[in-house]
Amino acid sequence: MNLSDKKKKALKATLLLVALTNMISVALSPATEQIRQFFGVELATVQTAMSATNILQIAVSLIAMYFINRGILTKKRAVVLGQSLFALAVIFVLLFHHAFWCVYVLSALVGTALGLFVTNAFGIIFDCFEPDERQGLTGLQTSCISLGGIICSLTGGLLASLFWYGGYLVLSVGVIIAIIAAINIPNYKTPKAADGMRRSPIKPKVFFYAVSAFVFMLCYVTVSQNISSHLAPHFKNYSTLAGICSAVQMGGGVVSGLLFKKISGKLQDDTLVLALCMLALGLVVLSFLTTALPLILIAVFVCGLTLSLFTPWCIFGTSVNSDPTNSAVTSVIISAIAPSTGGFLSPVVFTNLTNVLVPDSTAFRYRFVAGCALVIAVILFLRNRFAKDGAKATAE
């Protein structure tokens, strides 16, 4: 898509602003205990109500993709509508915060909003920027996602300490972002829907990046999912420290996102190998250091660095192997289905498996996942070597 430099700069700034809200759900999680106490329900009931967001996000992403491919919906309208639903959620919680059923409705609204704008913001990058521009922008976007996670986590925790639905007020930022998106994002249909073109088939390399993103998230989320239990036997204020560790981990993502273009420009697909090796290193350090807090923070920071190396390279690689006729599909695969499924299955796979081998040992779990990450890194390294050798042979 041909856009002037001025319009591209405005679009880039808008997409980065949208990215700040990708992890807005972390603003809501600090209220879990307050919700349980306020309504007098079981913790599992609260967690189930709030986790509906993840399932709906994937479902709505697929539905939006269907409508976009048929010209019923555009990516701009999906982003604007998604951000607007955040504002609707704020109004809803202010009116009905006295009833527990509103938590289910709020989860549905937030999940629907995320399903509408997260994947389509990536799709807009695929469509509106050249490959070199995408490479830098995807790194900055992932950096903004992590930065937004930090801001939302801290703000949501502060507001939730005032009243249980305080964190939901963070969603009001959607009003401002929806207006900016409506002004700066171009409104266009997919070429198939607009011009009767046939949608291009999805290239095999898109599935390679999708599988890579899946296995990476399978390993990556074990850091935050187990850090509270890992610290509990050694620190009285383990809940607070776990929150600090999560913020530091996301801080690592901010830093590596700023360096992504330079690193990935040199390493190409080996960026994935580097990220997995760094993740393994961080997990091993975490497994052996249970009382040295400064070193624990360094370890989670190193783990956090890997997110903004691995994820944006998978997104960038997918964008290079996509075109406007199939970007709605490929963006859903790489930004929603693959990572979300990996994150969802991680505790099912690693927690259950390691509990069978060494019950209730987070240290062993971290080492086990580190070993898996290294095995995957070796497989990817060998795959990259074979791919390069094959490309050289073809060229000769």
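Each remark here, short or long, concerns the structure printed above.
Residues numbered from 1 in each chain as written. Predicted model: local features only at pLDDT ≥ 70, side-chain atom pairs only at ≥ 80, totals over all residues. Heavy atoms only, no water.

1. Section: the overall build of the protein chain
Here is the rule we go by: Think of it this way: any DSSP run of H or I at least four residues long counts as a helix, any run of E at least two long counts as a strand, and we number them from the N terminus. Here the globule rule is a power law, 2.2 Å times the number of residues to the power 0.38, and the radius of gyration is based on C-alpha atoms. Each residue is assigned to one of three classes by its accessible area relative to the maximum for its type, calculated with a 1.4 Å probe on protein chains only: buried under 20%, partly exposed between the two thresholds, exposed over 50%. Should any heavy atoms of two residues lie within 4.5 Å, those residues are considered in contact.
When helices and strands are counted, the protein chain shows 15 helices and 0 strands. Radius of gyration (C-alpha) of the protein chain: 21 Å, near the 21 Å computed for a compact globule of 396 residues. Taken over the C-alpha atoms alone, the protein chain extends approximately 60 × 55 × 35 Å along its principal axes. The burial tally for the protein chain puts 52% of its 396 residues in the buried class. Expressed as a percentage of contacts within the protein chain between residues at least 6 apart in sequence, the contacts between residues at least 24 apart total 84%.

2. Some points on the packing of aromatic side chains
Operational definition: Pairing of aromatic rings covers Phe, Tyr and Trp, the last through its six-membered ring, and needs centres within 6.5 Å; plane angles under 30 degrees mean stacked, over 60 mean edge-to-face, and all others mean tilted. In this scheme, the term charge over a ring applies when either NZ of a lysine or CZ of an arginine sits within 6 Å of the ring centre and within 35 degrees of the ring normal.
According to the stated counting rule, one finds 20 aromatic pairs in the structure shown. Plain terms: the ring middles of F216 and Y220 are 5.4 Å apart, the flat faces sit at 25° to each other, and that makes the pair stacked. Within this pair, F216 and its partner Y220 are both found in helix α9 (residues 204-220), separated by 4 residues, close to a single helical turn. Residues F216 and Y220 agree in their burial class; the two are buried. Residue placement shows R383 over the ring face of F208; its charged tip is 3.9 Å from the ring centre. Here the guanidinium or amino end of R385 rests over the ring plane of F381, the centre of that ring lying 4.5 Å away.

3. Observations concerning the nonpolar core
Test applied: Throughout, nonpolar core names a set of buried Ala, Val, Leu, Ile, Met, Phe, Trp, Tyr and Cys residues whose side chains join them through atoms within 4.5 Å.
In terms of nonpolar packing, the biggest core is built from 116 residues, with I35, V103, W164 and Y168 touching the most fellow members. In terms of residue count, the dominant contributor to this core is helix α5 (residues 101-128) (16 residues). Ignoring any residue separated from it by four or fewer positions in sequence, one finds W164 in contact with A31, Q34, I35, F38, F39, V93, H97, C102 and V103.

4. Thoughts on the side chain of N384
Structurally, N384 is set in helix α15 (residues 362-395). N384 has contacts with D269, D270 and V273, leaving out every residue within four places of it along the chain.

5. Considerations on the environment of C303
Tracing the backbone shows C303 in helix α13 (residues 293-320). The class of C303 is buried, set by a relative accessible area of 0%. Linking C303 and G252, residues 51 residues apart in sequence, is a C-alpha distance of 7.4 Å. Setting aside its immediate chain neighbours within four residues, C303 contacts Y220, V223, L279, G282 and L283.

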